[in-house]
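# Architecture and fold: a report
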Amino acid sequence: MEFDPETKEFLLEKCPVCEKTLGMRFMGDVWCCDNCCKISQNGELIAVDLRQYRQQLVDERYWRHLDLATSLIDPTKEEQRRKVRTSLHADFGAIDDGTMFDFICAVARSIACRVDKKQTWEISAPVLASAAEVIEGWPATFSDLVARDPGGERHHLNHHFRYLFYYVRVPKSLREKMRAIERVTRMRAIGRQAFTTDYKPTTLNVDEYLALTRFREVASGSTSLEKLLALFRANRSVTDFCTSFGIAVPSLLDMTDDRVFPAELFQQNRLLTFPEAAASFLARIVRQRCAGLPPAESVRLPQAVTALYTRGGDPWANVVRALLDGDIEYWISPEKRRSVLETVHIRDLNALQRILALGELSPDESYALPISAREAPVYLRLWPAQITRINKMEILKPPYTRAILGRFASCYESGVSARIRLQLGGQTVSKIQLRKHLLETGINPVFDDAYKRAIWRRSDVNNAFSSIIKACV
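In short, a report on the structure. For clarity, every value in this text was computed on a predicted model and none was experimentally measured.

## Regarding the overall build of the chain
A count of helices and strands for the chain gives 20 helices and nine strands. Within the chain, buried positions represent 46% of all 473 residues. Accessible area of the chain: about 25,200 Å², with a carbon and sulfur share of 50%.

## Concerning the sheet that holds strand β4 (residues 330-332)
Backbone-to-backbone hydrogen bonds pair the strands of a sheet. The strands run either parallel or antiparallel. In spatial order, the strands read β3-β5-β4; together these three strands make up an open sheet with antiparallel pairing. Each having just a single partner strand, β3 (299-300) and β4 make up the two edges of the open sheet. Bridging between β3 and strand β5 (residues 344-346) involves two bridges; their strand directions are antiparallel. Looking at β5, one finds that Val-299 is bridged to Ile-346.

## As for the pattern of salt bridges
Under the definition given, this model contains 22 salt bridges. Across the salt bridge formed by Arg-402 and Asp-254, the nearest N and O atoms sit 2.5 Å from each other. Of this pair, Arg-402 sits in helix α17 (residues 402-411) while Asp-254 sits in helix α10 (residues 249-255), placing them 148 residues apart in sequence. On the accessibility criterion, Arg-402 (0% relative accessible area) is buried.

## Here we look at the nonpolar core
Counting residues in each nonpolar core, the largest one holds 47 residues, and the members touching the most others are Phe-241, Leu-252, Phe-261, Phe-281, Leu-301, Ile-346 and Leu-352. At seven residues, the largest contribution of residues to this core is made by helix α13 (residues 316-325). If we ignore the near neighbours within four places in the chain, the residues touching Phe-281 are Phe-241, Phe-245, Val-260, Phe-261, Val-320 and Leu-324. Core analysis: the second largest hydrophobic core is formed by 41 residues, Val-84, Ile-111, Val-127 and Leu-128 among them.

Definitions and cut-offs
Along each chain, numbering runs from 1 in the same order as the chain's sequence is written. In keeping with the predicted nature of the model, local features appear solely for residues at pLDDT of at least 70, side-chain atom pairs appear and are counted solely at 80 or more, and the whole-chain, interface and lining totals rest on all residues. Side-chain metrics rest on all non-hydrogen atoms present in the structure, leaving aside hydrogens and water. Starting at the N terminus, helices and strands are each numbered in turn, a helix being any DSSP run of H or I of at least four residues and a strand any DSSP run of E of at least two. Accessible area is worked out with a 1.4 Å probe on protein chains only. A residue is then buried under 20% of its type maximum, exposed over 50%, and partly exposed in between. Using the Shrake-Rupley algorithm and a 1.4 Å probe, accessible areas are obtained, with residue cover drawn only from the displayed protein chains. Think of it this way: DSSP has to see at least two bridges between two strands before they count as a pair. Salt bridges, as used here, are contacts in which a Lys or Arg side-chain nitrogen is within 4 Å of a carboxyl oxygen on Asp or Glu. Here, the term nonpolar core denotes a set of buried Ala, Val, Leu, Ile, Met, Phe, Trp, Tyr and Cys residues that are joined through side-chain atoms within 4.5 Å. We call two residues in contact whenever any of their non-hydrogen atoms come within 4.5 Å of each other.

Given below as structure tokens:
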């Protein structure tokens, strides 16, 4: 450091008399220059007293952040250090004080590579203060720092900004968080430029290139909602969550309403906080569940929703709110290879019907947002091979939207869906019994496969079981 942490006075680098760089030959007498000193005939030390040469103070605007950094290693600042550690983000909770200071210095060196004109590893007071400010405002301030990085290229000091991602003195979770922040920040910048200019990138990786392609698909003549969807899709944390939870990305937009997810995710920079919001949401889902294994008579929630809802809209925002509000009793089965929603079981189908009845009768413009080919099977709760077969028969053709998929679901259903509706009407039938009865009544499936996963017309199923099957919402 180039200053005294206590007085904020700049430290001397050279002797003001001989102008030579100060050395360390007299560690016990740091007040004097070790170059222009001598011992008198009487054995007295004759030297320049450095204490008599007052130095300038560091600009006062940097003091608060310098105190934040230096208090971590100053043994006399125990109370201030405690307050600092309490105020820092939870991402730093597992890092000790010394490592925390080292990390601030590492961030400072990254900043210095952008502003210094000479090749030096010294950290100036303004740069150290800037690094401490980054840590204080984490993670938003780190995103701002990344945004000022020129595309991850080498700087004139041959020092790569991303070396922080490999700074092994901090936990792996923090390094992963930095990578995620950098990825989201760059994606946002790519999206902004793709929407407004003929952006010609030269430093994009594969994920970023694919995201840019998606951005450009909606760049011209698109609505703000379409651009927002593109930004959500370009965020790997968002897409990973939707896949693991079992919903399409447009369904997540419906849930960003302060009841399920914070509405502030729509604001600039706030998408960085999505991993924390997702973790909090999943914790609420687990906390609200009933104890024990699902009852034998329960059914999987996605299958029940698909069976009973045919209005053409997207019911998942209402259904998830009902789970969190305790309006639907549910259990979670310990299955690892399924999405979270596929592990949710319910028993009260009448309660689900009441919730589904709250769905939109006239879907808004968000239902025209595109659904990807990978999301379509999840949205309809069908196997990908079934979607492929349906496409070949031209019953359902891409490009998909929720409105298009909703119209398909209102006309067709799987055998599982039909059995759930019969169960709600008080009749329990097996897969074989359902198939046999429909075939005996002269009803053939729209298509079938080697695993007997048939798709039926809802109207045919209703006619075959008219007196006992439950009507859809």
